[in-house]
Every structure is written in C-alpha cells, then in structure tokens.
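Coordinate analysis (summary)
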Amino acid sequence: MYSEELYKTDPEIFDVVRKEAEREHSGLELIASENFVSEAVIAALGSVLTNKYAEGYPYKWTKDTDEIDYSKYGRYYGGCEHVDEGEKLAIERAKELFGADHVNVQSHSGTTANMTAYFALGEPGDTLLGLNLSHGGHLSHGHPINFSGRFFNVVQYEVDRQTEQIDFDTLLKLAREAKPKIIVAGASAYPRTMHFERFREVADDVGAYLVADIAHIAGLVAADLHVSPVPYADIVTTTTHKTLRGPRGAIIMCKKEFARTVDKVSFPGMQGGPLEHVIAAKAVAFKEAASDEFITYQKQTIANAKALAEALTKLDYRMVAGGTDTHLMLVDLRSKGVTGRKAERRLEKVGITCNRNTIPYDPEKPFVTSGIRLGTPALTTRGMKEPEMANIAELIDELITNIEERDRYPAIKAKVEELCESFPLYPRRRTEYKNISAR
Ligand SMILES: *Cc1c(COP(=O)(O)O)cnc(C)c1O
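Here the structure is a predicted model, which is why all the values come from computation and not from measurement.

Regarding its fold elements, the chain presents 17 helices and 15 strands. Its C-alpha radius of gyration of 22 Å places the chain within 12% of the 22 Å reference for a compact globule of 439 residues. Principal-axis analysis of the C-alpha atoms places the extent of the chain at approximately 70 × 60 × 40 Å. Split into buried and exposed, the 439 residues of the chain put 55% on the buried side. Of the contacts made within the chain by residues no fewer than 6 positions apart, 72% connect residues no fewer than 24 positions apart.

Let us look at the sheet that holds strand S14 (residues 355–357). Strand order in this open sheet of four strands is S11-S12-S15-S14, and the pairing throughout is antiparallel. The open sheet has two free edges, formed respectively by strand S11 (318–319) and S14, since each of these has just one partner strand. Note that strand S12 (residues 328–332) and strand S15 (residues 371–375) share five bridges and pair antiparallel. Across the sheet, valine 331 pairs through a bridge with isoleucine 372, a residue of S15. Sheet strands touched by helix H12 (residues 292–314): S11, S12 and S15. Its angle to S12, the strand with the most contacts, is close to 15°.

This part takes up unusual backbone geometry. In this structure, the amide linkage connecting phenylalanine 267 to the following residue, proline 268, adopts the cis form with an omega of 10°. Here proline 268 lies in helix H10 (residues 256–270). The residue tyrosine 361 is not glycine, and still its phi comes out positive at about 60°. Within the secondary structure, tyrosine 361 is located in the loop between S14 and S15.

Moving on: the domain arrangement of the chain. Taken domain by domain, the chain consists of domain 1 (42–289) and domain 2 (299–437). Distance from the C-alpha centre of domain 1 to the C-alpha centre of domain 2: 29 Å. Looking at the side of domain 1 facing domain 2, the largest losses of area belong to Glu164, Pro191 and Arg192, adding up to 32% of the total buried there. On the surface where domain 1 and domain 2 come into contact, there are two salt bridges. Glutamate 164 is the partner of arginine 318 in a salt bridge, and the nearest nitrogen-oxygen pair spans 2.8 Å. Between domain 1 and domain 2 we count 15 residue pairs in polar contact (both at pLDDT 80 or more) in total. Residue classes in the side of domain 1 that touches domain 2 are distributed as nine nonpolar, nine polar and six charged.

The next thing to look at is the site of the ligand. Close to the ligand lie 14 residues, the nearest being Gly110, Thr111, Ser188, Asp213 and Lys242. Contact between the ligand and glycine 110: an oxygen atom at 2.9 Å from a main-chain N or O atom of the residue. With respect to the ligand, the side chain of lysine 242 contributes an N or O atom lying 2.8 Å from an oxygen atom. Starting from 380 Å² of accessible surface for the ligand in isolation, the protein chains cover 85%. The biggest single contributor to the shell around the ligand is helix H5 (residues 110–121), with three residues.

The rules behind each value
Residues numbered from 1 in each chain as written. Predicted model: local features only at pLDDT ≥ 70, side-chain atom pairs only at ≥ 80, totals over all residues. Heavy atoms only, no water. Helix = DSSP H or I, 4+ residues; strand = E, 2+ residues; numbered from the N terminus. Rg over C-alpha atoms; globule rule 2.2 N^0.38 Å. Buried < 20%, exposed > 50% of the residue type's maximum accessible area, 1.4 Å probe, protein only. Contact = heavy atoms within 4.5 Å. Pairing = 2+ DSSP bridges. Axes fitted to C-alpha atoms, helices over the stretch in contact; angles between N-to-C directions. Domains from an automatic or database assignment. Buried area = accessible area lost by both parts, 1.4 Å probe. Salt bridge = Lys/Arg side-chain N within 4 Å of Asp/Glu carboxyl O. Polar contact = N/O pair within 3.5 Å; in protein donor to acceptor, adjacent residues only side chain to side chain. Nonpolar A, V, L, I, M, F, W, Y, C, P; charged D, E, K, R; others polar. Near = heavy atom within 4 Å. Areas by Shrake-Rupley, 256 points an atom, 1.4 Å probe, with all protein chains shown as cover.

If you want it as structure tokens, here you go:
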C-alpha cells in the first residue's frame, strides 16, 4: 500500500528498491557483515518517527549525584513524549540483553560509536593501540586515513605469523613500549574467539582504558555463544546491523562511571538529532534478540560457518587461523592461483557475493589481496543449514577452479538461483512490488 505511493511519486527509486529486493532474494549473500532484518524492523524504520527532532535524551543527568532522572525532560524540542518511550525501550532492552550498566542508543554508525568512545576516554594526540586493518582490524581502529589515525597517535598490533591469532605476550610487550591511553579490542575479519579477559589483563598492566568493539560478533555475544566484553571493557561499542540483525546503526555500552561522559560526547559532542525511527527499529531488534529463536539462529550461524569452512578445507582451501569459532572465515586462495579481487568479481557474476580481504602478512596489495572473507549470518536467516553449506562450497569451488572458463558461468548461476528459490526472502514484499510495477 505504501510502496504504491513511492511508485507514483518516484518510479525510478521504486525500481531501485524493487530490484534490490530481487537481488537479495536471488543471490547467495556471504558478506560477513550483512544480514536480512525482519519485516517488523523495516516497519519501524519506514515510519513517521523519521519526522521527529529529539536532540538530547529521554532523561536528565542530575547535577550533584550523577544519576539519570527519568522524570526530567532532557530534550531540546517539544513533542518528544512518544519517541522518548521508544528510546527508553531501546535502552532498557539493550541493557538487559548485554548486561550493561548504561547504553547510549543514538550512534548513527559503528565508526561514530568508536569516535565517541575514544573521545570519552582520551584527547587528540593520545596513544591508541588497535589491531592493524590488514590483520583483521577496522579502519576506525587507527588507520592513517581514518579520523582515528589522524587524531590519535596510533600504534598497531598484528596477529602472530604462525597461529594467525592474537598473541597476548607480544601484545603485552608492545603495550609496555607504547604506553597507550586506549587499547581497542575488536575486529572485522578475525575468525577466532576474541579473548577480552586477556585484553583486560594487558590494559591493567599498562594502565590503559579498554574499548571493545563487537560490531561483528554482537549477535553471538547476545546469545551467549561468545565471551562477552561487558565485564571487562570500560566501553563496548557495536553496530546493530551485522549478526545482531537490526537496522543500520550502532550503540555504546559502558560502565556507570563513563555513562555521563559518553552521553555528553555523543550529543552534543559528536552528533545532532538522533534517528528516532532507527532507534525504534533497534528496540524491535533487541526484543527479537532476547528470544529463544534468536539463540537457535545464532547457533545455526556458527554451525553453518564451521560446515562451510570444513567443506572448503576438503576442497583444498586454506582457512586462515585454521578455521572458525564465529560466523566468519578467511579463505586463503593462493593454493588456487586466484587473487581475492578476481574471486570477488567473478563470484559476483554467478550471484555469490562476498568481499576480498587481506590475509595476515598478505603478499598482495590491499586492493588485490590473497583472500576472501565469507560469513553465514545472512544465509542462516534465510533458513539454510549444513547441507546447503556443503552445496555452496562446491559452487564456489566450481567457479574458482574454472575461473577462466566463462562459458560455464551461466550453469553455475542457474544452480545458485535454484538454491535461492527454495529459501524465499521477503516473499510478500516482492510480490507486492511485482504487482505494482506490472500495472
Ligand atoms: C563494521 C564495523 C565497524 C563500523 O561500522 P559502520 O557502521 O560501517 O561505521 C566498526 N568496527 C568494526 C569492528 C566493524 O566490523
């Protein structure tokens, strides 16, 4: 019904949306940072809450006791009584889900959340110790072209050459030399468990603050399938749109002692008006994440990642760090004589989407890379299980081992589409779009 309005007003953008829904349905989504949100989350996102300005918070900080007072009006605009309820629900649900003292749900993105965390704990020029991007870290953990690398004195740690995992003795040595103000624990391409308790030991040894960034693994943490950083880190940031399966955005969790500062740095320090439609959608996602179904889903996501990694290993692909404990894996393609860039581009031609990724100590340039990163959150949301993972490993292998034989691509693509047809995505939505555009 509302899509019809879009079609009438702007058929070009309608078509963008319609075609994207078809693309999501008819391809195999292996990008580890993507997922498919529920219709309930989309409904909150596409709601009138987008109209509301609500700078401030649905509470006030008391001057002398440093406590949150919900009975006071903490907004800089009138008419916030309903969005206040939405934001309070998002906060309470996130606190419950992760066991955090305080949660700020206003961050527009994971990068902004990290920026807020760093400026809550440090000043420009302070030393920041983060995982190198080409060893699995994120741009916002100190890359020179990112704000983090420009505002902070960055020292980067790497994974061990042999194990391709973080070695805490090496990290401790580096931390003692660098004397960082802030240590960042977290990654975008690290298939193994992040031992936050070990990071805490290192931080304590050198008197540093610890920021944990669980953008990728938040869903696993919420389902208790990965060690939680909440007891160990001073501030925990996470995106809400990856394994957590909510809208695009982020939240910041912290210990009580940093709560007021985090709020102040976020607004007015870093952002203006919060996106209350996104915050409402975050609340919906947190409610979904507290369910038994969500735990079952996360367990299956991990089981699927293990199944895919094992099937690829049998087909002679090397898994970085020897496999996976999480929702993702890094595949070293050197045994196949194919670069990450080529694999990414050609896989896309048969409807398999993933991203090229550096492997630790990669001999190729970051734009080319020797590997690809594969993740199972999105496919698991569609209902795929271990047998499909074995099938997908074979499809990937068929493409990679015959990469120059383009006449074989259509047959592989047909197999991909056939598999997708058995796991329909947004069926009602796609039917509606089809009906409207057929008129
Ligand atoms: C994805 C990711 C982010 C950034 O999220 P954006 O919302 O894209 O800014 C931050 N940290 C890590 C570890 C991530 O994987």
